2 protein chains.
Amino acid sequence: MADELIIAVDGMGGDAAPEMVVHGVAISHERNPEARFLVFGDEALIAPELAKYDRLKDACRLVHADVSVAMDDRPSQALRRGRRKSSMWMAIAAVKEGEAHAAVSAGNTGALMAMAKVILKTVDGIERPAIAAMWPTLRGESIVLDVGATIGVDAQQLVEFAVMGEAMSRTIYGLSRPTVGLLNIGVEEVKGLDEVKHAAQLLKESNLPIEYYGFVEGDDIGRGTVDVVVAEGFSGNIALKTAEGTAKQIAAYLRAAMSRTLLSRIGYVFARGAFNILREKLDPRTMNGGVFLGLNGVVIKSHGSADEIGFASAIDLAADMVRNDLVARIKRDLGRYHAPADAAAAQEVGIGTS
Amino acid sequence: MADELIIAVDGMGGDAAPEMVVHGVAISHERNPEARFLVFGDEALIAPELAKYDRLKDACRLVHADVSVAMDDRPSQALRRGRRKSSMWMAIAAVKEGEAHAAVSAGNTGALMAMAKVILKTVDGIERPAIAAMWPTLRGESIVLDVGATIGVDAQQLVEFAVMGEAMSRTIYGLSRPTVGLLNIGVEEVKGLDEVKHAAQLLKESNLPIEYYGFVEGDDIGRGTVDVVVAEGFSGNIALKTAEGTAKQIAAYLRAAMSRTLLSRIGYVFARGAFNILREKLDPRTMNGGVFLGLNGVVIKSHGSADEIGFASAIDLAADMVRNDLVARIKRDLGRYHAPADAAAAQEVGIGTS
C-alpha cells in the first residue's frame, strides 16, 4: 500500500450518521484526492448517501456491517454485541489487516477505545493508550493528552504520555525540541497529586531526551506555555470540555453584545471580515479529532456531535498521521526512550521496572 | 457589633501590596460606606498609603504586624514564621476574636487556608474546608467548589461540599431550590472517579433536601446547567484556570481581529459600546474572590495578582457574606442535614458513619 492512502470509516458512528459521515468523506476527499475510503455500515442506509456524490464512486468502497454500536452502549456491551460484525469493529480491523492505514469514527468513545485495544493492541512499552487533542493557543497549537481515555494513571504512565505526545508534536508540527509540561494546580498548600509530582521527578531525573518544562496550570494551556501538556484523563477531559464551554459562552456574549444597539449592528457590518476570522479561529470543527496514541495503528475519534465539516477534519487528521508515519515514530521513540528511562527511573527514584 | 460591618484586611498580601490593598479598601469603602476596616501590616509601608485617602481616616484602623507571609512560603513555613505576628494571621484572628466580621487577603492561598483552619477551625460536620468560586454563566452565575483547597477528597466530603455550596447559593443568590451537579467526565468507558460515582449515589439515595441534578461535564459549567458544581479540588482548580485562560485567549484573538483592517477598526469604533459591555462581562476582576467554606468565620481569598478593582470586589464579597450571615446558614443546614445524611448514607450504601 506504499503510495496509497486508505482510510477506514465507521459509517454508523455519530449523532447524524450515516448522512453526515458520507458527506464528510466527500469533503475530505476533495482535499485528499489520492485517498481511498472503506466505509463500513448498513448497506441499505449508506448506499443512497454515497449515490449523492458522484466523485466518491471510484474512491469509496462500501462494506456492509450488520451491527451498529449505539452512542450509549457500554464498552463491554459494544464488545459483546459488536465483535467482528459492527461497523466500528470492522473499520478498526481493516487497519489491523493492512487493508486500511487508519480508522475514523464519530461513535461511542469508550467502545471505540475498547475495540481498538482488543484489535490493535498497545505498542510495546505502553500500558494504557491515551487520547490526544490538538488545542489552539496564543502561540499556535499544542497537544494535550490524555483527554479522557484513562483515569487514575500512575507516574510511569504519565511519562509514557509525555513520550507519545512529544513524538506527535515533532511529527505533525515538525518541532525539533517540543517542550513538555505536566498539568497541575498552583495552590501552594497542595502541590498536586502524588502521581503528578512523581512523574515530574521521573521526567527531571531520567535521561529522556525530552525538553521538560515543569508544571503548568490550566491557564497555561491556552497561553501555549508548552507544546505538549500531559494530564491524567479525568482532569484533561475536564480542561478540554471547560475550554469548549467557555469559548461557546463568550461567542454567545459577543453575539448578544453586537446585536444590542443600532450602532453595534453597524459596527458589526463593517467588521464582518474580522468576525469571520474570529469565528474560524473558534470553530471547534476545524480542530475535530482526538488521536488515540499508543496503539499499533492510527485511530481517530471525531466528536459524536460533529457535522460533515468536523468529520472531514477528523479524516484529514487521520491522513496527516498516516503520511507522517506517527505510529512508527512513536514506536521508535519508545524503543529508544523506554529502556533507559525505566532503568534510570528505577535507579534514581528507587522503584521497580515493569 | 450588631449594626456594624468590620472587615479585617491583610495589608501585606498580594503581588502589589500594600499599595493595591489600601487602594482597594478605598474603592470598596465608597460602595460600603458603613463598613469599617482593620488593616494589618507593616506600619511604615501602609501608613503612607492610607494617608493618600482622606475618607479612610475614620473608616480604617492600621494595626502593625512584624511579619509578612511571602507568596511562595510553604504553608508550614508560613505557620511557623507567621503565627500570631504576621498580617495574615492577625487578620484571621480578628475574626476569631470578634473584632471583625470577615477577613480578606490576596496573599498565599495555602498559607491562608492553613492559618484559617488553625485559627477558626472547621464547622462541626465538615472534614475539610473548600474554596468556592462564583462563575459567570450563560444563565447568570453559578458556584463552583472546590477550586483548589483539597485534593483527594472522598465521597462524603463531596457531599459536604454539595451542602455548603447549596447553602451559599441560597444565601447570596436567593435561590430557593438551587440545583447541584457533580463534575465528571462523559467518556463512556470510564464513568468518572469512584469517589464521584459514590457521591452521586449518596446524593441520590440520601434524604438530603438537595435538588441533585446528576453529573455535569466541563462545558456544562459555563452553560449554567446547574447552580452549584461540586468538584474535587484538583479538577475544580484546573477547570477554573482553564476557563480563565480561554477567556483571555479569546479576548486576545478578538483584539487582533478588530485591529486587522481599516474596516474592522471602523467597525470597532461603531461597536465600542458593545465591546465595553463584553469587556465588563469578561473582566475577571468583577468576580475576584474565593470564598473559604466550612470554617467558623468568613475568609475571602483575592487573586494574588489582583489590582485595586479586583481587591475591592473581594471586599464587597466579604461584606455580602457577612450581611447574609452565610456561616450561620451553613451551620444550620449542616446541623439539619448532616445527621440524617450520615445515617441514611450508612444505611443505604453500607458504609460506616464518621
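Procedures and definitions
Residues numbered from 1 in each chain as written. Chains lettered and ligands numbered in written order. Predicted model: local features only at pLDDT ≥ 70, side-chain atom pairs only at ≥ 80, totals over all residues. Heavy atoms only, no water. Helix = DSSP H or I, 4+ residues; strand = E, 2+ residues; numbered from the N terminus. Buried < 20%, exposed > 50% of the residue type's maximum accessible area, 1.4 Å probe, protein only. Contact = heavy atoms within 4.5 Å. Least-squares fit on C-alpha atoms with pLDDT ≥ 70 in both. Pairing = 2+ DSSP bridges. Axes fitted to C-alpha atoms, helices over the stretch in contact; angles between N-to-C directions. Expected span 1.5 Å × (residues − 1). Polar contact = N/O pair within 3.5 Å; in protein donor to acceptor, adjacent residues only side chain to side chain. Phe/Tyr/Trp six-rings, centres within 6.5 Å; stacked < 30°, edge-to-face > 60°.

Asker: If you had to explain the environment of B:Asn32 to someone new, which residues and values would you point to?
Answerer: All names here are of chain B. With respect to the helices, strands and loops of the structure, Asn 32 is situated in the loop between helix 1 (19-31) and strand 2 (35-41). Exposure remark for Asn 32: the relative accessible area of 6% places this residue in the buried category. Sequence-wise, Asn 32 and Asp 316 are 284 residues apart; in three dimensions their C-alpha atoms are separated by 7.6 Å. If sequence neighbours within four positions are ignored, Asn 32 has contacts with Asp 316, Ala 319 and Arg 323.

Asker: Which residues make up the relation of the copies chain B and chain A, and what are the values?
Answerer: The two chain copies are connected by a rotation around an axis plus a translation along it. Between chain B and chain A, the superposition needs a rotation of 180° and an axial shift of 0.0 Å, giving an RMSD of 0.0 Å. Seen this way, the second copy is the image of the first under a two-fold rotation axis. Of every C-alpha in chain B, the one belonging to B:Gly267 sits nearest the axis of rotation, 1.9 Å from it. Here 100% of the contact residues of chain B are again contact residues in chain A; the copies associate through an equivalent surface.

Asker: Requested: an account of the sheet that holds strand 11 (residues 298-301) of chain B, with residues and values cited.
Answerer: Residues and elements named next belong to chain B. Strand order in the open sheet formed by eleven strands is 3-2-1-4-11-10-5-6-9-7-8, with mixed pairing between adjacent strands. If you trace the sheet from one side to the other, it starts and ends with strand 3 (60-64) and strand 8 (211-216), each paired once. Looking at each pair of strands side by side, their axes are set apart by 25° on average, direction ignored. In terms of strand pairing, strand 7 (residues 179-183) meets strand 8 through five bridges, oriented parallel. Paired with Gly 181 across the bridge in strand 8 is Gly 214. Packing against the sheet, helix 1 makes contact with strand 1 (5-10), strand 2 and strand 3, and its axis sits at approximately 175° to strand 2. With respect to the sheet, helix 2 (residues 43-50) is in contact with strand 2 and strand 3, its orientation differing from that of strand 3 by roughly 165°.

Asker: I'd like to hear about the pairing of strand 6 (residues 140-145) of chain A, residue by residue, with values.
Answerer: Residues and elements named next belong to chain A. Pairing analysis gives six bridges linking strand 5 (residues 130-137) to strand 6, with the strands arranged antiparallel. Residue pairing in the sheet places Thr 137 in a bridge with Gly 140 of strand 6. Between strand 5 and the antiparallel strand that follows it, strand 6, lie two residues. Bridge count for strand 6 against strand 9 (residues 228-230) is three bridges, and the pairing is parallel. The residue of strand 9 that forms the bridge with Leu 145 is Val 230.

Asker: Before we move on, can you summarise unusual backbone geometry with the specific residues and values?
Answerer: In the segment running from A:Ala17 into A:Pro18, the intervening peptide bond is cis, with an omega of -5°. In this fold, A:Pro18 is placed in the loop between strand 1 (5-10) and helix 1 (19-31). Even without glycine at this site, A:Asp325 takes up a positive phi of about 55°. Note on placement: A:Asp325 falls in the loop between helix 13 (308-323) and helix 14 (326-349). Here A:Asp325 falls in the partly exposed class, since its relative accessible area comes to 45%. In this structure, B:Arg84 is a non-glycine residue whose phi angle is positive, near 70°. Mapped onto the elements, B:Arg84 comes out in the loop between helix 4 (75-82) and helix 5 (87-96).

Asker: Hey, could you go over helix 6 (residues 109-120) of chain B for me, with residue numbers and the actual values?
Answerer: Residues and elements named next belong to chain B. The terminal C-alpha atoms of helix 6 lie 16 Å apart, and with twelve residues this matches the ideal 16 Å at 1.5 Å per residue to within 8%. Here helix 6 has its buried residues at Thr 109, Gly 110, Ala 111, Leu 112, Met 113, Ala 114, Met 115, Ala 116, Ile 119 and Leu 120. Against helix 4, helix 5, strand 4 (102-105), strand 5 (130-137), strand 10 (290-293) and strand 11 lie the buried residues of helix 6. For helix 6, the capping residue at the N-terminal end is Asn 108, with a side-chain oxygen 3.2 Å from the backbone nitrogen of Gly 110. Where helix 6 terminates, the next one or two residues include Lys 121, which has phi positive at roughly 65°.

Asker: Can you explain the packing of aromatic side chains? Please cite residues and give values.
Answerer: The final tally for this structure, using the stated rule, is one aromatic pair over all chains. Look at A:Phe270 and B:Phe270: their rings are 5.5 Å apart centre to centre, the planes differ by 0°, and that puts the pair in the stacked class. Placement of the pair is A:Phe270 in helix 11 (residues 262-270) and B:Phe270 in helix 11 (residues 262-270), with the two residues belonging to separate chains. For A:Phe270, a relative accessible area of 30% corresponds to the partly exposed category.

Asker: Go over helix 7 (residues 155-173) of chain A with me, naming the residues and quoting the values.
Answerer: Three or four residues apart is the spacing at which side chains of an α-helix point the same way, because the helix has 3.6 residues per turn. Residue and element names in this part refer to chain A. The end-to-end C-alpha separation of helix 7 is 26 Å, in line with the 27 Å expected for 19 residues at 1.5 Å each. Summarising burial for helix 7: 18 of the 19 residues are buried, a large majority. Where helix 7 starts, the residue carrying a side-chain oxygen 3.2 Å from the main-chain nitrogen of Gln 156 turns out to be Asp 154. Where helix 7 ends, the next residue or the one after it, Gly 174, has phi of about 70°, a positive value.

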